[in-house]
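Here are the chains, one letter per residue:
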Amino acid sequence: MTTTLQPQRVLKATTPAVAPRSTRKKKDRGYETRSLVSPLSLRSRRGKLTYWTVLVVVVIGFTLAFVFPLYWMVTGALKSPDELAQIPPSFFPKSFDFGVYADAWNQLQLGVFLKNTVVYAGGAWLLTLAVDVTAAYALSKLRPYFGKVILAMMLATLMIPPMVLLLPTYLVAKDVPIFGFDLLNTPWAIWLPAAANGFFIFLLKRFFDSIPRELLEAAEIDGASPMRILWSIVLPVSRPILGVVSILSVVTVWKDFVWPLLVLPETDKMSISVGIASLSAQMPQNVLIASLVIASLPTILVFFVFQRSIMAGLTAGSLKG
Amino acid sequence: MAHLVAKPPVRRSLPQGAARRAVGRNLTAYGFLCGALICFAFFSWYPMVREVVLSFQENNFVDPPKWVGFDNFRSVIEDPAFRAAWLNTAAFSGLALIVGYAIPFVLAVVLNELRHARGYLRFVVYLPVMLPPAVGVLLFKWFYDPGAGLFNQILDVFGLPPLSWLDSSSTALISLVLVSTWMNLGTGTLIYLAALQSIPGELYESAELDGAGLFRRVRHVTIPQTKLILLVMLMLQVVATMQVFIEPYLLTGGGPENATVTVAYLMYQYAFNFGDFGGGGALGLMLMVVLMVFSTIYLRIARDNEGGR
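Every value quoted in this text rests on a predicted model; they were computed, and no experiment measured them.

J.: Can you walk me through the overall build of chain B in this structure?
T.: A count of helical and extended segments in chain B gives 15 helices and 2 strands. The C-alpha atoms of chain B give 26 Å as radius of gyration, which overshoots the globular expectation for 309 residues (19 Å, by more than 25%). Relative to its 309 residues, chain B shows a buried fraction of 44%. When contacts within chain B are restricted to residue pairs at least 6 apart in sequence, long-range pairs at least 24 apart make up 65% of them.

Structure follows, in structure tokens:
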């Protein structure tokens, strides 16, 4: 079922790998397509030696480059300021005093920042889904007049890097034209711009396009309303792409720095990244490091759980301009 | 009702029922679209117009804005930081390409050959990407500490003299490049890895039968087969690195002596430190024009490919 619904491949590596994992696993274990190095040369003694040397070097190298800094961060937080300033540094902290994490939590009001960030990311996620899914469905299946123009204008926004529109968008958030709302220091300043995402529209529309028309026409003849068709037919078969869009939207808002820095200047409203950065100068070194650990835990946890969706979204994400 | 239906000439001959259905379908469609239209109108489309208007006006947000022609551009260009900002941005992008463009590809080629620990390696290389950028940058700020920072300690282990990293104008920019590369390496690596897996094995097979060694196979099979994604990533990386902001903002504040001022950072300073949104807008517009060139190249590559397959 899923294979027939897969969006047409534009560029192999930039389409979400929505195929179930089991197929890939089987390929890895059983019959293997060869790559750069031939399996034959790997079987010789010299080949085996080279292979294992490279493997060990790569594993150690990756661990040093990508895991060791994180180890240094987690243990650094446990060291006293004196121990942090010591030369040469201690590889293991002298004492395991987890009180510093409590200090960081209280002194930096990390609880407030985390709660804010959850509200921003969660709200942005819900609004993005509601707005972009309905729009993509309308453009893909209802095909209104000027639909193509609207789609082109939405995709054109991908051509403009977000940084260069920072100032005008900030001015809009500060004083919304026509309505005159001031969105600064409100979650709407994060939610509304997050939903205006041409890339999500593109991903969703491309997926909806691949849903066979007959499926929808059958429901239409049975008298189902467009809303009902969207809810009961389109959404259930679109789960893979909805997963990718959900993860991307939450992670994007969670990691964002510049936009929340501008539109949420009040300390009580800050997101976790901005909060830590703005209070970093006044903190003792170890408390700051502890707060960095706390701030990175949620995203790393999300990565552990949703690794597959994130990596699928990544290859789709390479199209993002 | 009738005049609404008559609008598109193609539909004119449709029977009454079909026409009514078309109107209903359009109403529903625009009902579904209205949320997105509002969001895009206010936060994507209007800001583009506003950006242009902003850069040609003098605006203090109290008095009505005044059209000043190219005055904003003139005053920004005369700023000594302007030249530094563009040179630094270009240098940052260039260095990031030298340091960060080939590495992910090499890593991906090696990873693709390994039959063990694949899940671990893939997970680990992407870990820094998952950190919030502010966390990664602040972490490196601590590593760069000239006293007891990790990097100087490592240099010390190898008997090398300590560096002053962020505090010296000769090493500050490359320090920023290092952070940025460390944080973004995983993305490229995994994208290349996905591309490599789609190369048919027979190509390597026949290249080998023709007597091509390892490096010749990389040159004549791997690279041509992934040329497209390599080009796309090149454009994307240029566009991404030229918008660099968070690194100078959190690590150096543009210093020492403007050695790390970037265009995006200068734009921010103009607007929020000097209160000159006109000057900031002018800088933003110039950056937009430059980046659009790269975006256009990227789009052409993507489109040519789409037609080709």
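J.: Hey, could you run me through the overall build of chain A in this one?
T.: In terms of helices and strands, chain A carries 17 helices and 0 strands. When burial is assessed residue by residue, chain A has 41% of its 321 residues classed as buried. Within chain A, contacts between residues separated by at least 24 positions form 76% of all contacts whose residues are at least 6 apart in sequence.

J.: Would you mind going over the interface of chain A and chain B with me for this structure?
T.: For an interface, size is often stated in terms of accessible area lost upon the parts coming together. Between chain A and chain B, the residue contacts involve 83 residues of the former and 85 residues of the latter. At 12 residues, the largest contribution of residues to the side of chain A that touches chain B is made by helix α4 (residues 45-78) of chain A. A per-class count over the side of chain A that touches chain B returns 63 nonpolar, 16 polar and 4 charged.

J.: Just to check I follow, could you spell out the environment of M48(B) for this structure?
T.: Among the secondary structure elements, M48(B) is positioned in helix α2 (residues 16-55). We classify M48(B) as partly exposed; it has 17 C-beta atoms within 10 Å. Each C-alpha atom of the pair M48(B) and L285(B) lies 9.5 Å from the other, and the pair is 237 residues apart in sequence. The contact partners of M48(B), leaving out residues within four places of it in the chain, are I160(A) and L165(A).

J.: Could you clarify how one ought to interpret the domain arrangement of chain B in this entry?
T.: Residues and elements named next belong to chain B. The domains assigned to chain B are domain 1 (16-67) and domain 2 (75-308). Taking only C-alpha atoms, the centre of domain 1 and the centre of domain 2 are 34 Å apart. On the side of domain 2, 6 residues touch domain 1, which itself brings 7 residues to the contact. Broken down by secondary-structure element, the contributors of at least two residues to the side of domain 1 that touches domain 2 are α2 and β1 (57-58). At 4 residues, the largest contribution of residues to the side of domain 1 that touches domain 2 is made by α2.

J.: Would you take a moment to explain the packing of helix α8 (residues 147-156) of chain A against helix α11 (residues 198-209) of chain A for this structure?
T.: Helix-helix packing: each pair is described by the crossing angle between the helix axes and the interaxial distance. Residue and element names in this part refer to chain A. For the pair α8 and α11, the least separation of the axes is 8 Å and the interaxial angle reads 130°. By the criterion of interaxial angle, the relationship of α8 to α11 is oblique. Between α8 and α11 the crossing geometry is left-handed. Contact with α8, carried on its side by L151, M154 and L155, involves G198, I201, F202 and K205 of α11 and no other residues of that element. Here the residues of the contact of α8 with α11 sort into 5 nonpolar, 1 polar and 1 charged.

J.: Hey, could you run me through the domain arrangement of chain A in this one?
T.: Residue and element names in this part refer to chain A. As far as domains go, chain A holds domain 1 (37-97) and domain 2 (105-317). Taking only C-alpha atoms into account, the centre of domain 1 sits 35 Å from that of domain 2. With 8 residues of domain 1 at the interface, the matching set in domain 2 holds 7 residues. Among the secondary structure elements, those contributing two or more residues to the side of domain 1 that touches domain 2 are α4 and α5 (81-85). Per element, the largest residue contribution to the side of domain 1 that touches domain 2 is 4 residues, and it comes from α4.

J.: How should unusual backbone geometry be read in this particular structure?
T.: Of note, the phi angle at N185(A) is positive, near 65°, even though the residue is not glycine. Relative to the helices and strands, N185(A) is located in the loop between α9 (166-174) and α10 (188-195). With a phi close to 50°, E257(B) is a non-glycine residue in the positive phi region. Relative to the assigned elements, E257(B) resides in the loop between α13 (246-252) and α14 (263-273).

J.: What exactly am I supposed to notice about the packing of helix α9 (residues 172-196) of chain B against helix α12 (residues 227-242) of chain B here?
T.: All names here are of chain B. Running from N to C, α9 and α12 point in directions that differ by 160°, and their axes come no closer than 11 Å. Relative to α12, the element α9 is oriented roughly antiparallel. Two packed elements cross with a definite hand, and for α9 against α12 that hand is right-handed. Here α9 contributes S180, G188, I191, Y192 and A195 to the contact with α12, which in turn contributes I229, M233 and T241. Residue composition of the contact of α9 with α12, by class: 5 nonpolar, 3 polar and no charged.

J.: I tried to follow the environment of L55(A) on my own but got confused; where do I start?
T.: Along the chain, L55(A) turns up in helix α4. C-beta crowding within 10 Å serves as the criterion here: with 17 such atoms nearby, L55(A) is assigned to the partly exposed category.

J.: Honestly, the nonpolar core in this entry has me stumped. Any pointers?
T.: Nonpolar side chains tend to gather and get buried jointly when the protein is soluble and globular. Core analysis: the biggest nonpolar cluster contains 173 residues, and L204(A), L292(A) and L138(B) have the highest contact counts within it. A per-element tally of this core places α9(B) first, with 16 residues. Excluding its chain neighbours within four sequence positions, the residues that come into contact with L292(A) are M73(A), I276(A), V135(B), L138(B) and L139(B).

J.: What am I meant to see in the confidence of the model for chain B here?
T.: Low pLDDT marks stretches whose predicted atomic positions should not be read closely. All names here are of chain B. Mean pLDDT over chain B works out to 86, with 94% of the residues at or above the 70 mark. Taken as a whole, residues 1-7 scores under 50 in pLDDT and shows 5 contacts with residues more than four places along the chain or in a different chain. Model confidence for the complex is summarised by a pTM of 0.84, with the ipTM given as 0.84.

J.: Teacher, can you tell me more about the environment of D304(B) here?
T.: All names here are of chain B. Looking at where D304 falls in the secondary structure, it is placed in helix α15 (residues 277-308). Exposure remark for D304: the 10 C-beta atoms within 10 Å place this residue in the exposed category. Taking the C-alpha atoms as reference points, D304 and Y268, 36 residues apart in sequence, are found 36 Å from one another.

J.: Honestly, the confidence of the model for chain A in this entry has me stumped. Any pointers?
T.: This prediction gives chain A a mean pLDDT of 83; 88% of its residues lie at or above 70. Every residue in residues 1-31 of chain A scores below 50 in pLDDT, and together they form 44 contacts with partners more than four places removed in sequence or on other chains.

Calculation criteria
Residues numbered from 1 in each chain as written. Chains lettered and ligands numbered in written order. Predicted model: local features only at pLDDT ≥ 70, side-chain atom pairs only at ≥ 80, totals over all residues. Helix = DSSP H or I, 4+ residues; strand = E, 2+ residues; numbered from the N terminus. Rg over C-alpha atoms; globule rule 2.2 N^0.38 Å. Buried ≥ 20, exposed ≤ 12 C-beta atoms within 10 Å, placed from the backbone. Contact = placed C-beta atoms within 7 Å. Nonpolar A, V, L, I, M, F, W, Y, C, P; charged D, E, K, R; others polar. Domains from an automatic or database assignment. Axes fitted to C-alpha atoms, helices over the stretch in contact; angles between N-to-C directions. Parallel < 35°, antiparallel > 145°, perpendicular 65-115°, else oblique. Left-handed = near helix turned anticlockwise from the far one by under 90°. Core = buried A, V, L, I, M, F, W, Y, C linked by C-beta atoms within 7 Å. pLDDT = per-residue confidence, 0-100.

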